[in-house]
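Analysis of the macromolecular model
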Amino acid sequence: MLYIRKPRLDTLDDLRTCLQKAIELEHATIPPYLTALYSIREGALPEIAALLRGIVVQEMLHMCLAANVLNAIGGHPVLNAPAFLPQYPGPLPMGIGNEPGRSFIVHLRRLSLELIEDTFMVIEEPETPLDFPVAALAALPEYRTVGQFYASLKDKIEELGPRIFTGRRDRQVTGWFARDELFAVTDVASAKRALDLIVAQGEGSRTSPLSPEGQPAHYYRFAEILHGRRLVRDASVPEGYSYSGEPIPFDAAGVLPMGDDPGAQAYPTDSEAWRLAERFDATYSSLLNALHLTFNGEPGMLNPAMGLMFSLRVQVAQLMATPVPGAGFNAGPRFRYTRVPSDA
């Protein structure tokens, strides 16, 4: 269970600040999820790789939707500042903790069932209605799920009403995703729809583990990996679902031996591991620059951004197959922002 300190949310500027934090939060989950995905050997663990890939793509969608909402209310998403990237190992944005007053530290680690259970499922854990009734939560100093944070943003948007939607419509970004997933945000209804989709795909709903597309939400997909079975409808149990579907086998031999938290490692500067890590950081920085331009008046930059995503996949395969001299493990991505020019 996560604890999120309630940010100030009184004015339109507060709402813009919270939406920028939402963008940062959605992005902050991508490097650890991508690292786990990238650590799978070529052709190994296909079911798990597909689940992780689908989750990463939806996290990117969520970041785009949050940016569209911020643009719609006259804000300016920032995606290419050094502070935009969290440090790994380190806390998630907004002081998110797994206990009150204690930060939840996220690492960049190769895929393991412990990583799925202790980190990924904690991040995506949904609200349980009996434990977290709405009336009781209003008096708490913290949100206990990411979904509750988004619920507060929806409430503020509804309270402030149509007058806050002053953003330029040509800054709304669409494309690459299905039309009913990445869409223009122009009013209260579409803003609430965007935030609802983020929560539904991540946590499911209070009554169903499925997203609007009929697929298990992220939390339940991670649970599928942990339990080694697909989540399916099951009339024989009172919950209506059970992890009794097709097997999802995990075999540690299918995972590359990447050392934990590459950003905290000091690769020898004359090594191939260092050179490839530097190249990956430069490409990732170019990706963030392209996304920043995409959401600040140049929506056509989304295509180059997606191209850079494919470049990263090629580069990281080389990086994670490269031993670190004298370390006994392979190198991995650091996800550092290096301020490369936006057209690099």
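Residues numbered from 1 in each chain as written. Predicted model: local features only at pLDDT ≥ 70, side-chain atom pairs only at ≥ 80, totals over all residues. Heavy atoms only, no water.

With an unreviewed UniProt entry as reference, the chain is termed Ferritin-like protein, source organism Pyxidicoccus parkwayensis.

Some points on helix 8 (residues 272-294)
Taking 1.5 Å of rise per residue, 23 residues should cover 33 Å, and helix 8 covers 33 Å from first to last C-alpha, within 8% of that figure. The element helix 8 is largely enclosed, with a buried count of 17 among its 23 residues. (Helix = DSSP H or I, 4+ residues; strand = E, 2+ residues; numbered from the N terminus. Expected span 1.5 Å × (residues − 1). Buried < 20%, exposed > 50% of the residue type's maximum accessible area, 1.4 Å probe, protein only.)

Considering unusual backbone geometry
The bulk of non-glycine residues show a negative phi, and the bulk of peptide bonds are trans. Look at the link from tyrosine 88 to proline 89: it is a cis peptide, with omega at 0°. Phi at leucine 45 takes a positive value of approximately 45°, unusual for a residue other than glycine. Its location among the elements puts leucine 45 in the loop between helix 1 (12-38) and helix 2 (46-72). Under the relative-accessibility criterion, leucine 45 is labelled buried at 9%. In this model, phenylalanine 335 sits at a positive phi of 55°, which is unusual for a non-glycine residue. Structurally, phenylalanine 335 can be placed in the segment after helix 9 (302-320). By relative accessible area, phenylalanine 335 is classed as buried at 2%.

Topic: the packing of aromatic side chains
Overall, the coordinates contain 8 aromatic pairs when judged by the stated rule. Grouped by ring-pair contacts, the aromatic residues Tyr33, Phe120 and Phe222 constitute a single cluster. Seen from the ring of phenylalanine 183, arginine 193 lies directly overhead, with NZ or CZ sitting 3.8 Å from the centre. (Phe/Tyr/Trp six-rings, centres within 6.5 Å; stacked < 30°, edge-to-face > 60°. Lys NZ or Arg CZ within 6 Å of the ring centre and 35° of its normal.)

Focus: the state of the cysteines
Tallying each qualifying case throughout the model produces 0 disulfides. Cysteine 18 forms no disulfide, and the closest cysteine sulfur to it belongs to cysteine 64, at a distance of 20 Å. Residue cysteine 18 is classed as buried on the basis of its relative accessible area, which comes to 3%. (Disulfide = S-S within 2.5 Å.)

Some details on helix 2
Since the α-helix advances by 3.6 residues per turn, residues separated by three or four positions end up pointing in the same direction. Here helix 2 contains 27 residues, and its C-alpha end-to-end distance of 39 Å stays within 8% of the 39 Å for a straight helix at 1.5 Å per residue. Of all the 27 residues making up helix 2, 21 are buried; the element is thus mostly covered by neighbouring parts of the structure.

Focus: empty space enclosed by the protein
Over the atoms a probe the size of a water molecule is rolled, and this reveals where empty space is left. In the structure shown here, the tally under the stated rule is 2 cavities of 30 Å³ or more. Considered as a void within the structure, the largest cavity measures approximately 140 Å³ in volume. The wall of the largest cavity is formed by 15 residues, among which Glu26, Glu59, Ile123, Glu124 and Val146 lie closest to the centre. At the level of elements, helix 1, helix 2, helix 3 (113-124), helix 5 (146-160) and helix 6 (188-203) are the ones that each hand at least two residues to the lining of the largest cavity. Here the lining of the largest cavity is composed, by residue class, of 6 nonpolar, 5 polar and 4 charged. Volume-wise, the second largest cavity comes out at about 70 Å³. In this structure, the second largest cavity is lined by His27, Ile30, Leu34, Met60, Met63, Tyr284, Leu287, Leu288, Leu291 and Met309. For the lining of the second largest cavity, the secondary-structure elements that each account for two or more residues are helix 1, helix 2 and helix 8. Element by element, the count of residues in the lining of the second largest cavity is highest for helix 8, at 4 residues. For the lining of the second largest cavity, the residue count by class is 9 nonpolar, 1 polar and no charged. (1 Å grid on protein atoms, 1.4 Å probe; cavity = no way out; pocket = protein on both sides within 12 Å on 5 of 7 lines; lining within 4 Å. Points joined across faces, edges and corners; volume = space filled by probe spheres on them. Nonpolar A, V, L, I, M, F, W, Y, C, P; charged D, E, K, R; others polar.)

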